[in-house]
Amino acid sequence: MLSSCEGIILSSMNAPVLDPLPRSVRLDDWQLYFDPSCVQDPARLPAGWRDQAVAVKVPHVWEQIRPGYDGAGWYRCVVNAGAGSLGQIWRVRFSAVNYRAQVFLNGVSLGAHDGGYTPFVVEFGPWLRAGENELLVRVIDPPREYAVEGLQSSHPLRQTALPTYKAGWYYSFGGLWQPVHLLRTEQIWIEDAFIQPRLNPREITVNYTLGLANSGVAGGELRFWVTRREGGLSLAEGRVAVSGAEGIFKVALLDAPLWSCESPNLLMLHLDFEGASGRDSRSWRFGLREFTTDGSRFLLNGTPIHLRGVLHQGGFPRTLVYPQDEAMALKDVRSILDAGCNLSRITLRPASPRELDLCDELGLMVIGEPPIGWVADDDQIDARCLQEVEEMIRRDRNRPSVVMWTLLNEFSDTVYFKHKSPRALIEAACRLGLSLDPTRLMTGNSGRGVGEAVSGNGIFGQGRAPVPIQDEHIYLRNFPSAQELDQRIVSVGRNEPGLLFVSEFGTSALPDLERVLATYSDAERALGLEDYRQMKNYRDEVVRGWEEFDLARYFGSLQQFYHALGYDQAEMVRLEQRALRLNPRVAGYVITQGADASSEFGGIVDLWREPKRVYAGFRELNREKVLLLDTPGTCFAEGAEVKLRVVVSNLGPRAQSVRGGVSLRYAEEVVHAWEFSGDAGWSSALLETTLPLDRAGRWQLRADATCGGETISDEVTLTVFGTPRFKGTEILLMDSSVAPHGAARSEIGEQLTTLGLKTIKFGNQANAAKLPVVVHLRGRDRTLNYFENQRVLRREVEAGRTALFVDCDLAYLHYFFGEDTPREIYGNGAFAGNMGFAFDDALFGHLGPERQIGPAYGACYPRIHPCAKSVRKAGGEILALHAMPYQFGRPDTIEWGATLYTKRYGAGRVWVCSFRLFEAIAAGDPVAVDLLDRMLEAARAHH
């Protein structure tokens, strides 16, 4: 591991250099030679390779020139040294190179560095000569699918022993992707300064380190002064005698302004050293602020602050892992701030310096993380991980925006992590982190699990005992029931001590891929940039589904279809965000994610930072004050007792008075009205009552209030279902929960009887004519009797009977359909971006605004779907369609499922329904009863 330094340049693009002294020169112009043969010695490179190398501007990723290339490449730069400068110390600083970099000067190896996100420095030493010097950097970008010199990027489902962020999942990228600077100093230089702010008293403690050449002597004097970022008069100044390579001093800053999200005041510490071995000057930017916790809340400068943030996955167009220019960097940060957020959890990678510059300047707090994800075990992995922790903290510990460190992510998940002793690694990372930065809060493991007894379940830092923390990642299936929302979000943490922080939640949806692709230039399309190619693959999948399932019948254009795809994400996030605001224990939350990144389409904005459909609703619920009408769902059976809570969530630093009213309407008539008042904190219930929903139909709840002079409101539509139409009718039932001729009761039969249906057991003898048969076949009971009954059922359907297969194992259906049985696809997984559409208005009485199967069907929505393409091939008519983009890397595809379909079979008809109707009916879900009612009515009509 080579030494690192910070404070020389804080800009990753062509922004003004913060260091005003001529101690560094930026090296932007290089040549790049791609080396698929992986030559290790520059002397063995083929003749003429310099002529074959292409001119490049650094920083860049080499995928901008040769998309899809992984492996080895050589960078070449010529450095001119005057004879009079050879007595100086020449070094070169690489801000970030992915992944392995070996540096040569005039053919001599100066050193190597592994790690793709943090800076390192090498010294030219005696190999520098007057005149031209050839500086070479051999770079290895670890491929996804194979190893180069033992290096391979990791993937969630195929772990390797490299901490490389999500390079094995998103895009494996290579090159000098952050700036390179040539440094020249005398025999002594200022290597580092760690600035530790305090508010009581208002001061900073500065730990400085000097670098010494072999002949250097550390003695001398260090002058310091502090100014505002924009300059002006000194806020404090002084001198310190220096007698060694390290030292410490304090600076009182009684009149200096604080850094906060509302007022991100930045200060500059200037150091000037002069001694017998030379002189050097450097400057650092910092802010006066304290970010702490009182055990249940986060505090910024002593005031409670609720964290509302995004998970920043680090995907960018064109340049893949960093913003291509100043405009994109600013647009990225602005998209977070304009959504009402105050936090960016930059996950699984140290952010580029320019991203952090903007967070410092604009007042966006940051949680920093090293690139440790999905690692396998070997004898080097611990050292590699700890190196990433150390280099990240050393680089960014002076930044006021970075308020907290998270050192590992979901390290308790043994499916994705194959480390032999995760607890030991977490503890080692925390010990190292605290030794480097005792000023910040720090968690060892985001997402509870293996670290519960140690740092994974504690906040460390500031010299205090660990504070218990519940760091939760909450991913619910589309769509969760009201009970699931209550159990997983509203009620979480009620009986546990410590601070509750939901550092991940959300779901995904495809963006308008036509708009995304249109932003690339013709040249970029022709070149086939990796991100463009991936987005095009998904667009082509959408177009294939559009054509194959004749979606133009239901959506006027592809743009309207993309808009409809965004509904599920917007509704899911709305439900979860409301639940988070209802829980008074939640000290903060982070949505997954800020912007789309590769195949993870969870962004509130797309790859180009254009808002998606979810954005406006997420921003609205991020307001400091919101009014929430809390009911256990939105669909109820007639006569049900429905509890209502009126909750005001005020995330300001102090409680405020509230006064308002609620009205309940039916058919535009006000049936009931209530008033409420009180003081509102982070989540305060100001009214609890029971709603008199005594009639079937649509009911409207509306509340309006004033809170601290601000008007807030909420409105909810409730649907009440009346008596099912099938009450008193007869059906046949084939149920695998009991043996065909057994005496045991049928739970499904009892459910249907309770609903008013008269069920008759289907058998291999004479069955009542003209009655539809409901088939529920699950589990492992595949007795001879069932096979025989299936054959009987097949003959009767061929003769004209109607059969409804409800939530059946496809293995059973094989004995009915034979070769026409569709394969299964998994659906409704957490975060996967499941989207459901219904095409039969008579069957679905509670659709979303654009045919979406929305939250109302959450309790019965399927987890497994028959493959829609197989269903169409076999002649089925799809009545409800499911779509899910595959997100774990390649292939870039979309799974299409036939959630509900019908098919002629001889003279009869079969219906195959994957909705979990009986499970939901048993839980009292009225929507499942309504869907079964409508299906039976349709079946009788077809009989």
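Residues numbered from 1 in each chain as written. Predicted model: local features only at pLDDT ≥ 70, side-chain atom pairs only at ≥ 80, totals over all residues. Heavy atoms only, no water.

It is worth spelling out the packing of helix 6 (residues 482-490) against helix 10 (residues 558-582) at this point. In contact at an axis separation of 9 Å, helix 6 and helix 10 are set at 50 degrees when each is read in the N-to-C sense. The angle between the axes of helix 6 and helix 10 places the two elements in the oblique class. The handedness of the crossing between helix 6 and helix 10 is right-handed. Residues L485, I489 and V490 of helix 6 pack against L575, E576, A579, L580 and L582 of helix 10. (Axes fitted to C-alpha atoms, helices over the stretch in contact; angles between N-to-C directions. Helix = DSSP H or I, 4+ residues; strand = E, 2+ residues; numbered from the N terminus. Parallel < 35°, antiparallel > 145°, perpendicular 65-115°, else oblique. Left-handed = near helix turned anticlockwise from the far one by under 90°. Contact = heavy atoms within 4.5 Å.)

Ordered in space as 18-19-20, the 3 strands form an open sheet in which the pairing is antiparallel. Both edges of this open sheet fall to strand 18 (291-293) and strand 20 (303-305), since each of them pairs with a single strand only. Neighbour to neighbour, the strand axes of the sheet diverge by 45 degrees on average, direction disregarded. Across 3 bridges, strand 18 lies against strand 19 (residues 298-300) in antiparallel orientation. The residue bridging T293 from the neighbouring strand is F298, located in strand 19. (Pairing = 2+ DSSP bridges.)

Domain parsing of the protein chain yields domain 1 (17-185), domain 2 (188-287), domain 3 (626-721) and domain 4 (730-942). When each unit is reduced to the centre of its C-alpha atoms, the spacing between domain 1 and domain 3 is 61 Å. (Domains from an automatic or database assignment.)

This paragraph deals with the nonpolar core. By size, the foremost hydrophobic cluster in this structure holds 72 residues, and its most contacted members are F561, L793 and F805. Setting aside residues up to four positions removed in sequence, L793 forms contacts with M734, F762, V773, V775, A803, F805 and F816. (Core = buried A, V, L, I, M, F, W, Y, C linked by side-chain atoms within 4.5 Å. Buried < 20%, exposed > 50% of the residue type's maximum accessible area, 1.4 Å probe, protein only.)

For the rest of this paragraph, the subject is the pairing of strand 16 (residues 267-275). Among the 9 residues in strand 16, 7 count as buried, and that is most of the element. Relative to strand 16, strand 13 (residues 220-228) is paired through 9 bridges, and the arrangement is antiparallel. Residue R223 lies in a different strand from strand 16, and its bridge partner there is D272. For strand 16 and strand 17 (residues 278-286), the ladder comprises 9 bridges, and the chain directions are antiparallel. The partner of H270 across the bridge, within strand 17, is S283. Linking strand 16 to strand 17, which pair antiparallel, is a turn of 2 residues.

Moving on: the pattern of salt bridges. Side-chain pairing between opposite charges can occur once the charged atoms of the two side chains come close. What the rule picks out here adds up to 56 salt bridges. Linking R525 and D522 is a salt bridge whose minimum nitrogen-to-oxygen distance equals 2.6 Å. Here R525 and its partner D522 are both found in helix 8 (residues 522-527), 3 residues apart, which amounts to about one turn of the helix. The partly exposed category is assigned to R525, whose relative accessible area is 28%. Across the pair E919 and R916 runs a salt bridge whose closest N-O atoms are separated by 2.7 Å. (Salt bridge = Lys/Arg side-chain N within 4 Å of Asp/Glu carboxyl O.)

The subject of this paragraph is helix 2 (residues 326-337). Across its 12 residues, helix 2 extends 17 Å between first and last C-alpha, which sits within 8% of the 16 Å expected from 1.5 Å per residue. Within the span of helix 2, buried status applies to M328, A329, D332, V333, S335, I336 and L337. Where helix 2 begins, the side chain of D325 points an oxygen toward the backbone nitrogen of A327, at a separation of 3.3 Å. (Expected span 1.5 Å × (residues − 1). Polar contact = N/O pair within 3.5 Å; in protein donor to acceptor, adjacent residues only side chain to side chain.)

In this section: the state of the cysteines. Each disulfide is one covalent bond, formed between the sulfur atoms of two cysteines. All told, the structure shown has 0 disulfides when counted by the stated rule. No disulfide involves C341; its nearest neighbouring cysteine sulfur is the one of C261, lying 11 Å away. As a non-bridged cysteine, C385 has C430 as the owner of its nearest cysteine sulfur, 13 Å distant. With a relative accessible area of 1%, C385 lands in the buried category. (Disulfide = S-S within 2.5 Å.)

Running from N to C, helix 9 (residues 530-548) and helix 10 point in directions that differ by 105 degrees, and their axes come no closer than 12 Å. Compared by their axis directions, helix 9 and helix 10 come out roughly perpendicular. Mapping the contact onto sequence places R539, V542, V543 and W546 in helix 9 and L558, F561 and Y562 in helix 10. A per-class count over the contact of helix 9 with helix 10 returns 6 nonpolar, no polar and 1 charged. (Nonpolar A, V, L, I, M, F, W, Y, C, P; charged D, E, K, R; others polar.)

Aromatic rings in a pair are described by how distant their centres are and how their planes are angled relative to each other. Within this structure, the stated rule accounts for 35 aromatic pairs. Summarising the aromatic geometry, the rings of W90 and F124 are spaced 6.4 Å apart at their centres and angled 20 degrees between planes, so their arrangement reads as stacked. Residue W90 is located in strand 5 (residues 89-94), and its partner F124 is located in the loop between strand 8 (120-123) and strand 9 (131-141); the two are separated by 34 residues in the primary sequence. The exposure class of W90 is buried, given its relative accessible area of 3%. By relative accessible area, F124 is classed as buried at 0%. Judged by centre distance (5.7 Å) and plane angle (85 degrees), the rings of F173 and W177 are edge-to-face. Members of the aromatic cluster, each reached through a chain of ring pairs, are Y117, Y165, W169, Y170, F173, W177 and Y322. Its guanidinium or amino end placed over the ring of W682, R297 lies 3.8 Å from that ring's centre, counting from NZ or CZ. (Phe/Tyr/Trp six-rings, centres within 6.5 Å; stacked < 30°, edge-to-face > 60°. Lys NZ or Arg CZ within 6 Å of the ring centre and 35° of its normal.)

As a further point, take unusual backbone geometry. The amide bond that connects N98 to the next residue, Y99, takes the cis arrangement and shows omega of 0 degrees. Inspection of the secondary structure puts Y99 in the loop between strand 5 and strand 6 (100-105). At the junction of T592 and Q593, the peptide bond is cis and its omega measures out at 25 degrees in the coordinates. The phi dihedral of N106 is positive, around 55 degrees, even though this residue is not glycine. For N106, the location among the structural elements is in the loop between strand 6 and strand 7 (108-114). The backbone phi angle of Y165 is positive, close to 60 degrees, even though this residue is not glycine. Structurally, Y165 can be placed in the loop between strand 9 and strand 10 (180-185). Y165 gets classed as buried once you look at its relative accessible area, which sits at 2%.

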